[in-house]
Amino acid sequence: MAKIGFIGLGTMGLPMSINLINGDHKVTGFDKNPDKLSAFQRAGGEVAKSSLECIEDAQFIITMLPQSSDVYEILINNKVTTNSFLPGTIFIDMTTSHPHTTDKLHKHLSKINIEMLDAPVGRTSTMAASGKLLIMVGGTKTTLIKAEPILNLMGSTIVHCGGAGMGSRMKIVNNYMTTVTNLVTAETLNLCKKSGLDIDLALKTMRQTTATNGHIDKSYPARALQNNYDPIFALELAYKDLQIGIDLAEQIGTPTVLGKEASKVYKTGIDKGLGKLDWTYMYELVKG
Ligand code: NAD
């Protein structure tokens, strides 16, 4: 049984932490939203009063927060030092983070002799609940081997993407693709409807051609086409990931023509106060 500190018990973090509890680990959690803490406690977790309390006395610390700036705030702005951790603690950031922040965190923790993995996840909260996430890991193989029994309780596919920061980079590249294809899917399905085509027939047809994508296959049939925008993945989080992708591309010097156009449509939704809705709300935004 390991002692695990888990910070960020939201849509993804709560089911992930519950899988660790069910794997017979002692999990101490913190979230700034008291409702999330109550749900975590009901599932058998031990509630901490702060993120720092979560860090102390943990062999593994996991963060699953909205943005990398939230992780940065907890670790760096709080001036966490070697004394804040148990010797040998492994810090695992599972947030979809800006790779440059991930690099800074690795640097900071390595200076104080704490091992770190960046390990953002792919797939949905349903897969988080069934422990079948895809986990993209950056860090040394030695650290990954030590953390693998913990990661295996949350994910069914663990991909070692390379050294420090490569998990973050893999996730951002992946989400660049999927946040941009969200827009083209919304446009295509609106075009389909307004042309008088039967949506089910169109989906069935497109699933058999190169038009197939994860949105045609899964997310639109589950959400937008049911007129249900309860968030599986929030529009504002998708926008955040896309912005990181565009920023990374700009710094590397590679074009993001479609990404910038898609970003404007996401921003329209956020400006209308609809950022907490599911990201397939793009379908309605395109309708105009
Ligand atoms: P969420 O907003 O549902 O959960 C985040 C939780 O963190 C919230 O409960 C919030 O109260 C808490 N929080 C925020 N700041 C905090 C702080 N300083 N201290 C303690 N708690 C704090 O988000 P989510 O959907 O669970 O996503 C988490 C991360 O995983 C994001 O980076 C997201 O991009 C990524 N992700 C989400 C999905 C998805 O389908 N939802 C899939 C893959 C990756």
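Refer to the structure above for everything that follows.
Residues numbered from 1 in each chain as written. Predicted model: local features only at pLDDT ≥ 70, side-chain atom pairs only at ≥ 80, totals over all residues. Heavy atoms only, no water.

1. Regarding the site of the ligand
Thought 1: Surveying the vicinity of the ligand reveals 22 residues, the closest of which are Thr11, Met12, Asp31, Pro66 and Lys240.
Thought 2: The separation between an oxygen atom of the ligand and a polar side-chain atom of Thr11 is 2.8 Å.
Thought 3: One of the backbone N or O atoms of Pro66 is found 2.9 Å from an oxygen atom in the ligand.
Thought 4: When isolated, the ligand has an accessible area of 830 Å², and the protein chains bury 88% of it.
Thought 5: Considering every element that reaches the shell around the ligand, the biggest residue donor is helix 11 (residues 235–252), with three residues.
Thought 6: Looking at the shell around the ligand residue by residue, the class counts come to nine nonpolar, six polar and seven charged. (Near = heavy atom within 4 Å. Polar contact = N/O pair within 3.5 Å; in protein donor to acceptor, adjacent residues only side chain to side chain. Areas by Shrake-Rupley, 256 points an atom, 1.4 Å probe, with all protein chains shown as cover. Helix = DSSP H or I, 4+ residues; strand = E, 2+ residues; numbered from the N terminus. Nonpolar A, V, L, I, M, F, W, Y, C, P; charged D, E, K, R; others polar.)

2. Topic: helix 1 (residues 13–22)
Thought 1: With eight of 10 residues buried, helix 1 is to be regarded as a mostly interior element.
Thought 2: Of all the positions in helix 1, only Gly13, Leu14, Pro15, Met16, Ser17, Asn19, Leu20 and Ile21 are classed as buried.
Thought 3: Phi turns positive one or two residues past the end of helix 1, at Asp24, with a value near 75°. (Buried < 20%, exposed > 50% of the residue type's maximum accessible area, 1.4 Å probe, protein only.)

3. Focus on the pattern of salt bridges
Thought 1: One pass over the structure, following the stated rule, counts 12 salt bridges.
Thought 2: Across the pair Glu250 and Lys260 runs a salt bridge, and its minimum N-O distance is 3.6 Å. Placement of the pair is Glu250 in helix 11 and Lys260 in helix 12 (residues 257–271), with a sequence separation of 10 residues.
Thought 3: Across the pair Glu261 and Lys264 runs a salt bridge, and its minimum N-O distance is 2.9 Å. Taken together, the residues Glu261 and Lys264, both in helix 12 and three residues apart, mark about one turn of the helix. (Salt bridge = Lys/Arg side-chain N within 4 Å of Asp/Glu carboxyl O.)

4. Here's the deal with the packing of aromatic side chains
Thought 1: The full count for this structure, using the stated rule, is three aromatic pairs.
Thought 2: With a centroid separation of 6.2 Å and 90° between ring planes, the pair formed by Tyr220 and Tyr283 is classed as edge-to-face. With Tyr220 in helix 10 (residues 214–222) and Tyr283 in helix 13 (residues 282–287), this residue pair connects regions lying 63 residues apart in the sequence.
Thought 3: For Tyr220, a relative accessible area of 0% puts it in the buried group.
Thought 4: A ring pair is formed by Tyr229 and Tyr281, whose centres lie 5.0 Å apart and whose planes are at 80°; its orientation type is edge-to-face. In this pair, Tyr229 is assigned in the loop between helix 10 and helix 11 and Tyr281 in the loop between helix 12 and helix 13, connecting sequence segments 52 residues apart. (Phe/Tyr/Trp six-rings, centres within 6.5 Å; stacked < 30°, edge-to-face > 60°.)

So, to be careful, I would describe these as geometric facts and stop short of saying anything about function.
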